[in-house]
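# Tertiary structure, described
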Amino acid sequence: MDRNSVAWTGYIPAITTPFDRAGRLDLDSFAGQMDWLAAERMHGVILAGTSGEWFSMTTAERADLFEAGARWRGQGLVVIGACNAFTPAEAITHARAAEKAGLDGILLTPPPYMVPNRREIVNFYRTVSDATDIPMTIYNWPRGCIVDMDPNLLDELADIDNVVAIKNSTGDFASFLSTMYRVEGRVRYFGLPTSALGADLALLGHGDGLMGSGGVLGADHPDFWRAIAEGDRDRAIRLGERDRVVMQAWFQPNYGAQFGNQQAIMKTALRLRGVPAGFVRDPLLELTDGEVQRVADTLHALGIETRPL
């Protein structure tokens, strides 16, 4: 497989997983959220990623979520299942569930917490690839995995059989650009910023889009990439500026939350918009009243109407 094995492009956010107040997986709310995302014309979604609280989900719940999400493939969405895990065996179990559900592909970080070395990371991805037949996205997520995969390592991983894409969330932009040029033509590359620089790179034909988080601004996110496809730089930059308002108001440069936690911020923003995003699950906590107001104020500054929670 390679980049030509898939047609992934544009904005493909890692979405939230709705839980009810008792912490149970809420597939009815998930269906409502997916309908909204499809109506807002997302190019795709990633299920059970960091935004989706994979770390508190059971293996059965992740499989159920994959199965439930697969039906939106018929509504024009690319549906990717995150298979993040501590061991290759666990990741393979999740990848096979994604295959069984009929998802378009999987996304996989290095094992978090343990800080694996280069040889261990390569072995991890090769082991998962050899055990499955589903297209794979390598996810470089330094904040969550305590490993920032450099251009040499990502270049090597791009040659693994099932790897078709890289999501590169490094904070080192020089490394991001170096990797982009090295893997171009071989795998799809996600992570371009929604800035004038990102727009210019995309207009020059570099990169394939952004695998962002939450999709809380709705159509603004994918329309940045549609504007790029239409050659409308000015419109793309205007839409990207709206995204940066959210990033600067809620998050730190390393993607950490300025208050509360990322998942609760995203779910609160969606619920304020009337989207059934559910609630976070332990050990995460819901936002305080003051933090909810902070989210609402940001949405109001962008001209987005909200409703009482």
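Structure: see above.
Let me begin by describing the structure that accompanies this report. (Residues numbered from 1 in each chain as written. Predicted model: local features only at pLDDT ≥ 70, side-chain atom pairs only at ≥ 80, totals over all residues. Heavy atoms only, no water.)

Summarising burial for strand E5 (residues 136-140): five of the five residues are buried, a large majority. Covered by surrounding structure in E5 are Met136, Ile138 and Asn140 together with Thr137 and Tyr139, the residues of both alternating faces. Examined bridge by bridge, strand E4 (residues 105-108) and E5 share three bridges and lie parallel to one another. Bridged to Leu108 within E5 is Ile138. Taking the sense of rotation as the criterion, the β-α-β connection linking E4, helix H4 (residues 118-130) and E5 turns out right-handed. (Buried < 20%, exposed > 50% of the residue type's maximum accessible area, 1.4 Å probe, protein only. Helix = DSSP H or I, 4+ residues; strand = E, 2+ residues; numbered from the N terminus. Pairing = 2+ DSSP bridges. Right-handed = clockwise from strand over helix to strand, strands pointing away.)

Let's shift gears to the packing of aromatic side chains. Overall, the coordinates contain ten aromatic pairs when judged by the stated rule. With 5.9 Å between their ring centres and 80° between their planes, Phe30 and Trp72 make a pair best called edge-to-face. Here Phe30 is found in helix H1 (residues 27-39), whereas its partner Trp72 is found in the loop between helix H2 (59-69) and strand E3 (78-82), with 42 residues between them in sequence. Each ring, one from Phe173 and one from Phe176, has its centre 5.6 Å from the other, and the planes form 10°; the classification is stacked. Of this pair, Phe173 and Phe176 both sit in helix H7 (residues 173-183), three residues apart, which is roughly one turn of the helix. Note on Phe173: relative accessible area 31%, which makes it partly exposed. For the cation-ring pair, Arg21 lies above Phe279, with the distance from its terminal atom to the ring centre recorded as 3.9 Å. Looking at Lys167, its charged tip hangs above the ring of Tyr139, at a distance of 4.1 Å from the centre. (Phe/Tyr/Trp six-rings, centres within 6.5 Å; stacked < 30°, edge-to-face > 60°. Lys NZ or Arg CZ within 6 Å of the ring centre and 35° of its normal.)

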